[in-house]
Amino acid sequence: MTDAMSIRELRAHLAEVVTQAEAGEITVITRKGERVGAIVPIEILDAIEEAEDELLAREAEKHRNEPTVSMAELLADLFTEPPGAVGSAA
């Protein structure tokens, strides 16, 4: 079961909440009644990070054979005014 508590309650019971996380429990943190965060067991965070890495790797693999640009080309593109742009008043 997931418990929810306010930040004020969390401050008063932090050690207990950490012990609960070690035991596999999730605690949702609320502020003014709105869910703003959670204290989760580290295994859950590790699983989320591994899944994120896998998704990013899959996305990168999709684009592996696409043409690339150099950093110089990227910077030139970013800092060059497009044709017809109104220049700055100097």
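For the structure itself, consult the block above.
Criteria and cut-off values
Residues numbered from 1 in each chain as written. Predicted model: local features only at pLDDT ≥ 70, side-chain atom pairs only at ≥ 80, totals over all residues. Heavy atoms only, no water. Helix = DSSP H or I, 4+ residues; strand = E, 2+ residues; numbered from the N terminus. Contact = heavy atoms within 4.5 Å. Pairing = 2+ DSSP bridges. Axes fitted to C-alpha atoms, helices over the stretch in contact; angles between N-to-C directions. Core = buried A, V, L, I, M, F, W, Y, C linked by side-chain atoms within 4.5 Å. Buried < 20%, exposed > 50% of the residue type's maximum accessible area, 1.4 Å probe, protein only. Salt bridge = Lys/Arg side-chain N within 4 Å of Asp/Glu carboxyl O.

A. Up close: the side chain of Thr 30. You can see Thr 30 is positioned in strand β2 (residues 27-31). Look past the residues within four positions of Thr 30 in its chain and what remains in contact with it is Ala 4, Met 5, Ser 6, Ile 7, Arg 35 and Val 36.

B. Molecular detail of the sheet that holds β2. Taken together, 3 strands build an open sheet; the order of strands is β1-β2-β3 and the sheet is mixed. The two strands at the open ends of the sheet, each matched to only one other strand, are β1 (3-6) and β3 (34-39). Sheet twist, expressed as the average angle between the axes of neighbouring strands with direction ignored, equals 35°. Alignment of β1 against β2, held across 4 bridges, turns out to be parallel. Of the residues in β2, the one forming a bridge with Asp 3 is Thr 27. Contacts from helix α2 (residues 14-22) reach β1, β2 and β3 within the one sheet, and its direction differs from that of β3 by about 65°.

C. Main features of the nonpolar core. One finds Met 5, Leu 10, Val 17, Ala 21, Ile 29 and Ile 39 forming the largest nonpolar core, which totals 6 residues. What Ile 39 contacts, discounting residues up to four positions off in sequence, is Leu 10, Leu 14, Val 17, Ala 21, Glu 25, Ile 26, Thr 27 and Ile 29.

D. Quick peek at the pattern of salt bridges. All told, the structure shown has 3 salt bridges when counted by the stated rule. Among the ionic pairs, Arg 58 bridges to Glu 54, the shortest N-O distance being 3.0 Å. On the criterion of helical spacing, the pair formed by Arg 58 and Glu 54 is a turn pair, its members being 4 residues apart in helix α3 (residues 42-62). Note on Arg 58: relative accessible area 51%, which makes it exposed.

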